[in-house]
Amino acid sequence: MIPLFKVAMAEDAPHMVGDILASGWIGQGPRVEEFEDRLRERLGTSHLATVNCATSGLHLALHMTAGAGRAARPGEPPEGEVLTTALTCTATNWPILANGLRIRWVDVDPATLNVNLDDLARKITPATRAIVVVHWAGYPVDLDRLRSILDAAEARHGFRPVVIEDCAHAWGSTYRGERLGNHGNIAVYSFQAIKSLTTGDGGVVVFPTEELAERAKILRWYGIDRRVPEGPRLAADIPEYGFKFHMNDINATIGLANLPSVDARVARHQENAACYDRELKGVPGLELTERARGRQSSCWLYTVLVERRPEFEARMAEQGIAVSQVHQRNDVYSVVAESHARLPGLDRVAERMVSIPVGWWVSDDDREHIAETIRDGW
Ligand SMILES: *Cc1c(COP(=O)(O)O)cnc(C)c1O
């Protein structure tokens, strides 16, 4: 079976982790600092804080800017709302509920599988505290257009909701030549087991200012400033409560081991995707997603829209090719029943979308076999 996902682990990871396990220090320490330095270089931004997973990162970002830890604006409605997409992992959306905020679904653009920005613009109200967007498969949301929508909302309502980009699929993606996380918003990357860069579990939150990043480093560990030099680890004061969301030296070491090879692996995802873009164009019953200039996808996934999906899935399984929807639309769960909304764009894609193997483990022969199987029909 050609797998849809594979864990990417560098050969020297076990040896490097072994050294840390024997070192007497496995908590948050020098390896976390070193990993953060390397991430600053890679992402091209200096304001960041690692965390123990992207879900924690999203929770922390929402807490700081839209939930209990926010600076409230005068005259703000008591109930806060977050605009978000239902086409994603539950990890994107449950932190909204955990922060006591209401979910308001924004429809999906069938061409990109990202949020429909027209629908998003219509749904911004004085109750909107934050906007969460997902770069599906790594294909960047049109961030310039999003910025101008927010400029207009600010002119109309007198405030600007914070934008949080879920970059869990998007290690290696660029928008106008720059890595995601450099466009004035908060951006959260995941280093979960099957993501392009893994630390076992982990994540990083990128902030637009150093002030926010510094506050996040305190709140990720109970509200205690760990930079206070040695001595008894008793905080003189905790002015604001925090969480236990920090990364430890074991996970940071796995990240340090995997970082040198990640970009070459992502390049292979992109190369395989470019091959499918050519080979699958015009196949009857199959639609490809958009590729626009200035928006380079990491191609963590390769998602297509197919007619008769059950037959497609059966045909692929027969040919030894793993395929999946990957994420179930989140609006079907009863926990979010009160946020129910009409989402015609999402309805159009939900029954047809499916992802096919595209990763670094897919060989030239594999991808030829996959493309041929699809071209032969189902
Ligand atoms: C993997 C994933 C997450 C969650 O990441 P964790 O590090 O496992 O918390 C969030 N959003 C999306 C879209 C994901 O695919």
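None of the values given here were measured: they were computed from a predicted structure.

1. Topic: helix 2 (residues 30-43)
Over its 14 residues, helix 2 extends 20 Å from the first C-alpha to the last, a length consistent with the 20 Å expected when each residue adds 1.5 Å. Those residues of helix 2 lying buried are Val-32, Phe-35, Glu-36, Leu-39 and Leu-43. One side of helix 2 carries all its buried residues, which in axial view fall inside an arc of 100°. In this fold, the buried residues of helix 2 make contact with strand 1 (48-51), strand 7 (178-179), strand 8 (186-190), strand 9 (203-206), helix 7 (210-219) and helix 8 (249-279). Just downstream of helix 2, Gly-44 is the residue with a positive phi angle, here 70°.

2. Overview of the site of the ligand
As a matter of local geometry, the ligand sits amid 15 residues, with Ala-54, Thr-55, Asp-166, Ser-190 and Lys-195 nearest to it. Asp-166 is positioned such that a nitrogen or oxygen atom in its side chain is 2.7 Å from a nitrogen atom of the ligand. Within the side chain of Ser-190, a nitrogen or oxygen atom sits 2.8 Å from an oxygen atom of the ligand. The residue inventory of the shell around the ligand, partitioned by class, reads five nonpolar, eight polar and two charged.

3. Digging into the sheet that holds strand 10 (residues 286-287)
If you walk across this open sheet you meet the three strands as 10-12-13, and the pairing is antiparallel. Among the strands making up the open sheet, the edge pair consists of strand 10 and strand 13 (353-356). In terms of strand pairing, strand 12 (residues 302-306) meets strand 13 through four bridges, oriented antiparallel. Directly across from Val-304, in strand 13, lies its bridge partner Val-354. Together, strand 12 and strand 13 form the strand contacts of helix 9 (residues 309-318), whose direction differs from that of strand 13 by roughly 15°.

Parameters and conventions
Residues numbered from 1 in each chain as written. Predicted model: local features only at pLDDT ≥ 70, side-chain atom pairs only at ≥ 80, totals over all residues. Heavy atoms only, no water. Helix = DSSP H or I, 4+ residues; strand = E, 2+ residues; numbered from the N terminus. Expected span 1.5 Å × (residues − 1). Buried < 20%, exposed > 50% of the residue type's maximum accessible area, 1.4 Å probe, protein only. Arc of directions from axis to C-beta. Contact = heavy atoms within 4.5 Å. Near = heavy atom within 4 Å. Polar contact = N/O pair within 3.5 Å; in protein donor to acceptor, adjacent residues only side chain to side chain. Nonpolar A, V, L, I, M, F, W, Y, C, P; charged D, E, K, R; others polar. Pairing = 2+ DSSP bridges. Axes fitted to C-alpha atoms, helices over the stretch in contact; angles between N-to-C directions.

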